[in-house]
Amino acid sequence: MPANAPPNTFYLIDGLAQMFRSYFAIRGGMSSPVTGEPTNATFAFTDMLLKIFRDYKPAYVAMAMESEGKTFRDDFYPQYKAHRDPAPGDLIQQIPRMIEIAKLFGIQILQVPGFEADDIMATLAVKTQRGDFDPPQGVTNPPLILRMVSKDKDLEQVLSDRAVMFDVHTDTLIDPAALYEKKGITPQQAIDYQTLIGDSTDNVPGVKGIGPKTASKLISEFGSVDAILKNIEQLKGKQKENLQEAMDQGLIDLSRRLVTMATDVPMAFDLAEARVEGITKINGPRLLELFRELGFNRMRDDLAKLLGQAVEDSGSNAKTPSRQVAKEAKAGKEKKEEAGFGLFANHGDMDSQSADIVTARKSHEGYRAIVTGEELAELVTTLKQQKLIAVDTETIGLGHDAELCGICLAWEEGSGVYIPTRSPDAAKHLDSKAVLAALGPILEDPSIPKCGHNIKYDDLVLRHAGVRMQGIVFDSMIGAFLAGAPGIGMDDLALSELNHHCIPITELIGPRPRRKGDPQQRTMDQVPLDQVTQYAAEDADITLRLCNLFKNRLDEMGMTELYSQVEMPLVGVLATMEAFGIRVDPVVLDEQREALQLRIDALRIDILNRAKVDFNPDSPKQLSDVLFNQLGFKSIKKTQTGHSTDSEVLEKLAAMTQQELAGVGEEARPIPALMLEYRMLTKLVGTYLVSLKEAISADGRVHARFNQTGAATGRLSSSDPNLQNIPIRTEVGREIRKAFVAEKGYKLIAADYSQIELRVLAHLSEDEALIDAFIKGQDIHNAVAAQVFGVAADEVTKEQRNRAKVINFGIIYGITAFGLARRIEDLDNASAAELIADYKKRFPGIDRFLQTCIEKAKQDGYVQTILGRRRAIDGIHDRNPQVRALAERLAINSVVQGSAADLIKLAMVNLQARIERESLPMRLLLQIHDELVIEAPAEQADAMAAVLVDVMRSAMTMKVPLEVEAGIGDDWFGAK
């Protein structure tokens, strides 16, 4: 049925139901970069509101909500809804925010003590059908149509030609005709239908043994529950017995009372108060600001379009290519997002403002430009006397080779200077040569401490300009990350920590073009100097304030050693790695891509021939239809849109026995396995081979970015391209490493820690048996199997060793019996639980350590690594056992993985220090998980490999030896 809204439509939202639906539509992983509050439900809920206003242009909108306390149903049935699980804690936290947003959209909130939202909606549905809201006699307005934005089956009893249910997510209506088509009942029969089947969610009993199909059949045959009971003798067997029992126990009358909606809720509702008249009630300025705080940047654009306004860009500056905007914004360098100035000049309470906002903004007295030789000389003298200098750069161009436009410096909070090297009027300031000649010695002096926000970027820019910055002691982005701040972008931190709105970059360079023909953004050298000065000096000033703030905070948290000995020295190490890059051979990539494409094409043909259906294997929806509706495969998992065809499902289908596949044709049975290979190869081609070639720079090398703030455990992440995700589990995936090659006359040396997380576990747990196995150099999985299964080491079977291996690595992630059973073939949950219990009994130190991690999280709300890195553990006290169990697993995993991350970072810092101290002929190129890759002259490769191994082994002193395996080759594949 089409969902196009007729004129004079009233959208009545089932508030709490939509909030729950929004929560489960996006399962976690979202939080405000400013306040830290969870935002997954809020985001989906807001998106739903935007859709209503954008697509349906409602005349009226209101939202029905439950009130605190009992309802009238609880008075006669205390067990009503008693079996419901408590709402997730992070959903409860978001409900007030969602109500606030609804009100900012101009939506009236309807609540009546003692009644549920359904009762309010049912009352308004009856009033609408009755004509209570119709225009006075003689007025030609069309009659009111009520759309109840809900899927609640209880509302089916009040459906009519003027009151319908509406699923805004799928744009579908349920009216009396659709109800009959779906369930075979009319709205007048809906109460009886629901009385029979009950509702387990609300603890409504119903009649035992009667489900939807039976209820529909009985009502169709007899017309009503009363008629069924009057003719109960016509029924037979259990059905008759169950109905008689339900009637005798009063359950039918009880169920009927519970499912019948109140249609006379006492409420003073004035339809005029629900009128929204399109968009006039929307509080644009406040919503824009709120979206900014919550990190809903796309919605800022959507809201502006809804209100017919041009929105300023939110996240791009001269330092970032458009394809990297989202990643850079997360990394913290994409600052100056539009903060609400002048966007909604014609809406709400905001006054009209000048289009050129920068000129209207009062200049900061402490911000100035350095444009003469005398001023620069005086600045240099001043800088030499400072204890800490904040450094920032403005650039032209993108990436590691961006051209310098100017340098921003601050050493006193509330002030800052900008030293331009390029501008629209070069005659008004010094050139790059003069500026760098004066400031270069200051920037390169390690005795003058420097700080910045994502200062690695500025380090790379200055290196490209010929200056090697030294003395980096703090980075506010990394500091915020270590301290657990909700966001790490400078704008977000300025707002959350300093209550300061930074100047948006778009005020200087304009919005990013979204369509062909839109004006292009200016580059920073095209912006008038007075405007850049205020923006750039503010950068340095805010950076200095944030650095001071987070340095003190980390000191209080006990992380001084972590940031001073590991994270800050690592900034320079990563900058050096990014500047060098690694050579990648495009010919090898093309050869691999062509070979894989042939296999992909053959697989596609084979799949289509076996299915005997012409469909697109790349479409999950089409694949689902073919597998489960046409070929007869058993459905494994359902989603909101149908049968799932994810990797887990395909793996289970591929592993099914011939007996389990009895309903599937012999020729079609291999399709799931073929699809797994097809997907793996297409991902290899698209995600790695193609993107890797696109990432090769003019120098023939890939300069990936390594991020210290990308993973909660402290592990490094990489981007543009993401080298951390290069597949290594399959032979064809490992082949990609052949494209990473050494320079002529050089060799690549790859070294990685052996079983590092298990060694960290042994050290932290102090378990004697595990430590002894490592000290003796035993095969750890064989040694554990011997302990767990109570056999001699030389009697361990291959199956026993494999099981020990799974549990060894699984224990680090807090594996459950269910999880272990899924990973080991022919192992049921009970046997898995027994296996885990035996493991913990044989290694009591490990079990004590696991419990200590959990107790630490419960007591302090966080856990710590060997070097004191903290990770907050949310949900450790959640009433939902699944959420709580996940938090417990995170507590364990964060300590072990985080300590392993600390270790390899320390090894990188020590290696680079040794390279520079001893002028070693090697350069560090890559860090991937527990592996380091260096490049060295071929004739000295063996000696440099020995240095690399020595540094990695001695990075930390542990209770077990750190084993490192190294290889040498002409390419990365050969070095493994």
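Refer to the preceding data block for the structure.
What counts, and where the lines are drawn
Residues numbered from 1 in each chain as written. Predicted model: local features only at pLDDT ≥ 70, side-chain atom pairs only at ≥ 80, totals over all residues. Heavy atoms only, no water. Salt bridge = Lys/Arg side-chain N within 4 Å of Asp/Glu carboxyl O. Helix = DSSP H or I, 4+ residues; strand = E, 2+ residues; numbered from the N terminus. Buried < 20%, exposed > 50% of the residue type's maximum accessible area, 1.4 Å probe, protein only. Contact = heavy atoms within 4.5 Å. Core = buried A, V, L, I, M, F, W, Y, C linked by side-chain atoms within 4.5 Å. Arc of directions from axis to C-beta. Axes fitted to C-alpha atoms, helices over the stretch in contact; angles between N-to-C directions. Parallel < 35°, antiparallel > 145°, perpendicular 65-115°, else oblique. Nonpolar A, V, L, I, M, F, W, Y, C, P; charged D, E, K, R; others polar. Pairing = 2+ DSSP bridges.

S.K.: Honestly, the pattern of salt bridges in this entry has me stumped. Any pointers?
M.R.: Any two side chains of opposite charge can pair, so long as their charged atoms come close to each other. Following the criterion strictly, the structure yields 59 salt bridges and no others. Note that glutamate 743 is salt-bridged to arginine 583, the shortest N-O span being 3.1 Å. Here glutamate 743 is found in the loop between helix 30 (731-734) and strand 19 (746-753), whereas its partner arginine 583 is found in strand 13 (residues 582-583), with 160 residues between them in sequence. On the accessibility criterion, arginine 583 (25% relative accessible area) is partly exposed. A salt bridge links aspartate 779 to arginine 801; the shortest N-O distance between them is 3.0 Å. Placement of the pair is aspartate 779 in the loop between helix 32 (768-775) and helix 33 (780-789) and arginine 801 in helix 34 (residues 798-812), with a sequence separation of 22 residues. When its relative accessible area of 26% is taken as the criterion, arginine 801 is described as partly exposed. Among the charged side chains, a salt-bridge network with shared partners connects Glu37, Arg97, Glu100, Arg286 and Glu293.

S.K.: Please explain unusual backbone geometry as it appears in this structure.
M.R.: Generally, phi is negative for residues other than glycine and the peptide bonds are trans, each holding for most cases. With an omega dihedral of 0°, the bond running from aspartate 720 to proline 721 counts as a cis peptide bond. At lysine 57, a position not held by glycine, the phi torsion is positive, near 40°. Its location among the elements puts lysine 57 in the loop between helix 2 (40-56) and strand 2 (60-64).

S.K.: Is there a simple way to explain the environment of glycine 406 in this structure?
M.R.: Positionally, glycine 406 belongs in strand 9 (residues 403-410). The exposure class assigned to glycine 406 is buried, which follows from its relative accessible area of 0%. Separated by 14 residues in the primary sequence, glycine 406 and proline 420 place their C-alpha atoms 4.1 Å from one another. Beyond its immediate chain neighbours, meaning those up to four positions away, glycine 406 contacts Asp392, Thr393, Glu394, Tyr418, Ile419, Pro420 and Thr421.

S.K.: Where do I start with the nonpolar core in this structure?
M.R.: Taken as a class, soluble globular proteins show a tendency for nonpolar side chains to be buried jointly. Ranked by size, the top nonpolar core spans 208 residues in total, and within it Leu379, Leu409, Leu439 and Tyr753 carry the most contacts. The leading source of residues in this core is helix 38 (residues 881-918), at 14 residues. For leucine 439, the contacting residues outside a window of four places in its chain are Leu376, Leu379, Val380, Leu383, Ile407, Leu409 and Ile419. With 51 residues, the next largest nonpolar core counts Phe133, Val225, Met261 and Met267 among its residues.

S.K.: How should I be thinking about helix 18 (residues 373-383) in this particular structure?
M.R.: Residues separated by three or four positions in an α-helix point in the same direction, a consequence of the helix having 3.6 residues per turn. Along helix 18, the residues that are buried comprise Leu376, Leu379, Val380 and Leu383. The arc that holds the buried residues of helix 18, viewed along the axis, is 100°, so those residues lie on one side. Residues Glu374 and Glu378 are exposed on helix 18 and point more than 90 degrees away from its buried face. On its buried face, helix 18 sits against strand 8 (389-396), strand 9, strand 10 (416-420) and helix 19 (432-443).

S.K.: I tried to follow the packing of helix 37 (residues 844-860) against helix 38 on my own but got confused; where do I start?
M.R.: The geometry of a pair of packed helices is captured by two quantities: the angle between their axes and the separation between those axes. Interaxial distance between helix 37 and helix 38 falls to 9 Å at its minimum, and their mutual angle equals 110°. In terms of axis orientation, helix 37 runs roughly perpendicular to helix 38. Contacts from Phe849, Leu850, Cys853, Ile854, Ala857 and Lys858 of helix 37 reach helix 38 at Glu888, Ala891, Ile892, Val895 and Val896. Here the contact of helix 37 with helix 38 is composed, by residue class, of nine nonpolar, no polar and two charged.

S.K.: Just to check I follow, could you spell out the sheet that holds strand 12 (residues 472-475) for this structure?
M.R.: What links the strands of a sheet is backbone hydrogen bonding, and the strands pair in either a parallel or an antiparallel sense. With respect to topology, six strands assemble into an open sheet ordered 7-10-9-8-11-12, the strand pairing being mixed. Lying at the two open borders of the sheet, with one neighbouring strand each, are strand 7 (367-369) and strand 12. Neighbour-to-neighbour, the strand axes of the sheet open up by a mean angle of 30°, direction not taken into account. Inspection of the sheet shows strand 8 paired to strand 11 (residues 450-452) by two bridges, in the parallel sense. In the sheet register, isoleucine 389 faces strand 11, and the bridge partner there is lysine 450. Helix 18 rests against strand 7, strand 8, strand 9 and strand 10 of the sheet, and its axis sits at about 130° to strand 10. Docked against the sheet, helix 24 (residues 529-556) engages strand 7, strand 8, strand 9, strand 10, strand 11 and strand 12, running at close to 130° with respect to strand 7.

S.K.: Would you take a moment to explain the pairing of strand 19 for this structure?
M.R.: Successive side chains on a regular strand alternate, one facing one side of the sheet and the next facing the other. For strand 19, the buried fraction is high: six of the eight residues fall into the buried class. Of the strand pairs in this sheet, strand 19 and strand 23 (residues 931-937) are connected by seven bridges, and their pairing is antiparallel. In the strand pairing of strand 23, isoleucine 749 is matched with isoleucine 934. Pairing analysis gives six bridges linking strand 19 to strand 24 (residues 964-969), with the strands arranged antiparallel. From the neighbouring strand, alanine 750 faces strand 24, where its bridge partner is glycine 967.

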